[in-house]
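Chain residues, written in single-letter form:
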Amino acid sequence: MRYDIIIIMELELLRHSTSHILAAAVQQLYPSAKLGIGPAIEEGFYYDFDIPGTTLTPEDLVKIEEKMREIVKKDEKFIKVPMSKEDAVKLFTEKGEKYKVELIKEIPDANVTVYRTGDFIDLCRGPHIDSTGKAGAFKLLTIAGAYWRGVETNPMLQRIYGTAFEKEEDLKTHILKLEEALKRDHRKLGRELDLFNIYHEEAGAGLVYYHPRGARLRLLIEDFLRKEHLKRGYEFVITPHIARINLWNTSGHSGYYRENMYFLEIDKQEYVLKPMNCPGHILIYNSKLHSYRDLPVRFFELGTVYRYERSGVLHGLLRVRGFTQDDAHIFTTPEKLQDEIIAVIDFAFEMLKTFGFDYEVYLSTRPENSVGSDENWAHATDALINALQKKGIKYATDPGAGVFYGPKIDVKMKDALGRPWQGPTIQVDFNLPERFDLHYIAEDGSKKRPVMIHRVVLGSMERFLGALIENYGGAFPLWIAPTQVIILPIADRHLGYAEKLKQKLLDSEIRVEVDPRREKINLKIREAQVQKIPYMLIVGDKEEAAGKVAVRSRHGGDIGESGLEEFLDKLRKEIDTKA
RNA sequence: GCCGACGUAGCUCAGUCGGUAGAGCAGCUGUUUCGUAAACAGCAGGUCGCCAGUUCGAUCCUGGCCGUCGGCUCCA
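### Quick notes on the side chain of Glu97
Inspection of the secondary structure puts Glu97 in the loop between α3 (85–94) and α4 (98–106). Despite its burial, Glu97 remains without a salt bridge, the nearest opposite charge being carried by Lys34 at 5.4 Å. For Glu97, the contacting residues outside a window of four places in its chain are Gln27, Ala33, Lys34, Leu35 and Phe92.

Take a look at the structure:
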């Protein structure tokens, strides 16, 4: 374990040093280039440059890489030079490195360190590899725009991404991995498996159309979700897709969420296409008096919401403008908040486990501008932390990243390329109960304010399905495979037998198809294989005479002859275990 | 929205240094009745993302718009 950590740290050091070599190369080729920052990141490194009058092209990367190799060949030492802040400011001001000067001025210490490699000088905490000759295998990958310090009003710099490993073969493996990941891209698989499409030109960006197989997949998951919610004491509600602006004025969304909302005006009445389900659920809660005995009230809805997202951020199913959340709002007494959060966390992680996801957990605490009392925030934040600890879930704290109305737990799922996407989230809310003047009658007969929990356990069906497709590479486990079995008759005289088998499987609620075409068996197998259908039943003279089937699995190939009942048993077992 | 790359047949892609385009797969028709990852032949298929401009002539050049991809920012 410790050994792993050391390796990771060494890799980070190597990558960071490689980013210095990159910066040195860029400055040699483009003397006017000003430096931004150049850290090591999870899968490599990047460096940001401001190069007046030059926009880098992919061909430039080749040149830069060559220059880097020259620097490596020279085997220049990374020399640490401690200096006072004043000297550093002077040094970088002379070099016109305005971004570095900005950084130095923000360092609280009196002294800073800079690193010198040949003629190249960079502000850096270090440490580094000894000399450029110690650099490993590296490759520059892409160029992208990035705002200085990530702030939109700042200048846009040119960012070069690259990666580095100690050994050439590790680099090769990594690049192969990237290529493999592209094959699992849900946008590609969505087309190949005919699951969904986004008709950008004809119907709008960020709006998903589920084709029959995709719809089947989604409905299977939704059915599962509904059952799981019923088990856990949720009640189902259904709310409209539009509501008068009044509702959003009360909730506050028409103010702080305005730029994400779609507005409609008819008969001089303003309506909003709902960006969230909470106000609707609140109306239902508020339609009657609630006793403390009835709490918590848990309203669940597969609620479709529409949010305007800036054009540059849309991404297949993973970021869209219309999506369906597996959304619930829990109204509880403060006393029961803790137990409720534990139950929700349990629920969310059970779902993630069921689908075999990789994820990261973040706890976001109180931001600067927020509503609610210190006491409430402390109570809710503690409840979240306790719940995470009780469940033994590893998490990172994101200080000040909570929503203004309460702290939250976010779970990020990873796509094929390892990019994190927010899925499940559990948010405590002190704001809406105030704004809608919610209450319940307490034991002593007094009116009290309930606490609300907003939570999704998958996130949204779209994002979840996108991540799911990538997670399984399109080869869905039997229990959610849109088509579970395909029957492949060898010649058309076997069609009758195939249809009989199909009916028997349908009677056992197996999702089954027959490929009736006058095609060779090899072709039918190939296509079923490409479609990643879990089981193929090949039937010809032999099988028909014996009343059996020849089973082929998508992973294991030909697994031999089997009676139908025997095969069905095997399917049922596999479905039950969700394997 | 911003920076960069890109948009050619249902899909994957070639091509035209300005004279209205081609391949493979898919589709359709015909022949083949065939045992564990692609039978053969023929046919059809495109206002070259949209709108302007330049030009005798634009898919190609210029501008705007729509959209995709990689990032930034934001989020389920």
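### Structural notes on the environment of Pro399
You can see Pro399 is positioned in the loop between β18 (396–398) and β19 (408–414). What makes Pro399 exposed here is its relative accessible area of 65%.

### A closer look at the layout of surface pockets
Once rolled over the atoms, a probe with the size of a water molecule shows which space is left empty. When its volume is computed, the largest pocket comes out at roughly 1,300 Å³. Elements that contribute at least two residues to the lining of the largest pocket include exactly β3 (44–50), β7 (137–147), β8 (156–165), α5 (168–183), β17 (359–364), β20 (420–429) and α15 (461–472). Broken down by element, the lining of the largest pocket gets its largest block of residues, 7 residues, from α5. Considered class by class, the residues forming the lining of the largest pocket number 15 nonpolar, 7 polar and 14 charged. Roughly 1,000 Å³ of volume is contained in the second largest pocket. Lining the second largest pocket are 40 residues, and of these Tyr257, Met276, Arg307, Phe323 and Gln325 sit closest to its centre. Looking at the lining of the second largest pocket, the elements with two or more residues in it are α10 (253–256), β16 (322–332), β20, α14 (431–435), β23 (451–460) and α15. Class assignment of the residues belonging to the lining of the second largest pocket gives a composition of 15 nonpolar, 14 polar and 11 charged.

### Re empty space enclosed by the protein
For the coordinates displayed, the defined rule picks out 3 cavities of 30 Å³ or more. Taken together, Leu193, Leu195, Arg213, Gly474, Phe476, Ala481, Pro482, Thr483, Gln531, Lys532, Ile533 and Arg554 make up the full set of residues lining the largest cavity. Looking at side-chain class alone, the lining of the largest cavity contains 6 nonpolar, 3 polar and 3 charged residues.

### Digging into the protein's contact with RNA strand B
Taken together, 56 residues form the shell around RNA strand B, and within it Tyr147, Gly423, Asp492, Arg518 and Arg526 come nearest. When the atoms of RNA strand B within 4 Å of the protein are sorted by group, sugar and phosphate make up 47%. In the environment of RNA strand B, a base nitrogen lies 2.7 Å from a nitrogen or oxygen atom belonging to the backbone of Val320. The separation between a base oxygen of RNA strand B and a polar side-chain atom of Arg518 is 2.3 Å. Ranked by residues supplied to the surface near RNA strand B, first place goes to helix α17 (residues 521–530) with 5 residues. Broken down by class, the residue content of the surface near RNA strand B amounts to 17 nonpolar, 17 polar and 22 charged.

### Brief notes about the pairing of strand β24 (residues 485–489)
Burial of β24 is extensive: 5 of the 5 residues sit out of reach of the surface. Residue alternation in β24 divides its side chains into two sets, Val485, Ile487 and Pro489 and Ile486 and Leu488, and both sets are buried. Bridge count between β24 and strand β25 (residues 512–514): 3 bridges; the pairing is parallel. The residue bridging Ile486 from the neighbouring strand is Glu513, located in β25. Running through helix α16 (residues 495–507), the crossover from β24 to the neighbouring parallel element β25 is right-handed.

### Things to note about the nonpolar core
One finds Ile221 and Phe355 to be the most contacted residues of the largest nonpolar core, which totals 63 residues. Looking at this core, the element that brings in the most residues is helix α12 (residues 337–354), giving 10 residues. If sequence neighbours within four positions are ignored, Phe355 has contacts with Ile221, Phe224, Leu458, Phe464, Leu468, Asn471, Tyr472, Trp479 and Ile480. Within the second largest apolar cluster, 34 residues are counted, among which are Ala23, Ala24, Ile129 and Leu171.

### Examining the sheet that holds β18
What the 8 strands build is an open sheet, ordered β11-β15-β16-β23-β20-β19-β17-β18; its pairing is mixed. Edge positions in the sheet fall to β11 (235–236) and β18, since each has one partner strand and no second. Sheet topology note: the β11/strand β15 (residues 297–306) ladder contains 2 bridges and is parallel. Bridge assignment links Phe236 to a residue of β15, and that residue is Phe300. On top of the sheet, α12 reaches β15, β16, β17, β19, β20 and β23; it is set at about 5° to β23, its chief contact.

### What about the packing of aromatic side chains?
This model, assessed by the stated rule, comprises 21 aromatic pairs. The interplanar angle of 20° and the centroid separation of 5.1 Å between the aromatic rings of Tyr47 and Phe49 together place this pair among those described as stacked. Among the residues examined, Tyr47 registers a relative accessible area of 1% and is labelled buried. A centroid spacing of 5.4 Å and a plane angle of 75° characterise the contact between Phe404 and Tyr405, whose relative ring orientation is edge-to-face. On the basis of relative accessible area, Tyr405 is assigned to the buried category, the value being 9%. Chaining the aromatic ring pairs together yields one cluster made of Phe224, Phe355, Phe357, Phe464 and Trp479.

### Some thoughts on the pairing of β19
Burial runs high along β19: 5 of the 7 residues are buried. Bridge count between β17 and β19: 6 bridges; the pairing is antiparallel. The residue of β19 that forms the bridge with Ser364 is Lys408. With 6 bridges joining them, β19 and β20 adopt antiparallel strand pairing. If you follow Lys412 over to β20, its bridge partner there is Gln422. Hairpin connection of β19 to β20: 5 residues between the antiparallel strands, including Gly418 at a positive phi of 85°.

### Section: the pattern of salt bridges
Applying the stated criterion across every chain, the model contains 35 salt bridges. A salt bridge links Lys67 to Glu70; the shortest N-O distance between them is 3.5 Å. Here Glu70 and Lys67 lie together in helix α2 (residues 58–74), a separation of 3 residues that amounts to about one turn. Each member of the salt-bridge network shares a partner with another, and the members are Arg218, Glu222, Asp223, Arg226 and Glu462.

Quick notes on the rules
Residues numbered from 1 in each chain as written. Chains lettered and ligands numbered in written order. Predicted model: local features only at pLDDT ≥ 70, side-chain atom pairs only at ≥ 80, totals over all residues. Heavy atoms only, no water. Helix = DSSP H or I, 4+ residues; strand = E, 2+ residues; numbered from the N terminus. Buried < 20%, exposed > 50% of the residue type's maximum accessible area, 1.4 Å probe, protein only. Lys, Arg positive; Asp, Glu negative; His and termini not counted. Salt bridge = Lys/Arg side-chain N within 4 Å of Asp/Glu carboxyl O. Contact = heavy atoms within 4.5 Å. 1 Å grid on protein atoms, 1.4 Å probe; cavity = no way out; pocket = protein on both sides within 12 Å on 5 of 7 lines; lining within 4 Å. Points joined across faces, edges and corners; volume = space filled by probe spheres on them. Nonpolar A, V, L, I, M, F, W, Y, C, P; charged D, E, K, R; others polar. Near = heavy atom within 4 Å. Polar contact = N/O pair within 3.5 Å; in protein donor to acceptor, adjacent residues only side chain to side chain. Pairing = 2+ DSSP bridges. Right-handed = clockwise from strand over helix to strand, strands pointing away. Core = buried A, V, L, I, M, F, W, Y, C linked by side-chain atoms within 4.5 Å. Axes fitted to C-alpha atoms, helices over the stretch in contact; angles between N-to-C directions. Phe/Tyr/Trp six-rings, centres within 6.5 Å; stacked < 30°, edge-to-face > 60°.

Don't take any of this as a statement about function, it's just geometry.
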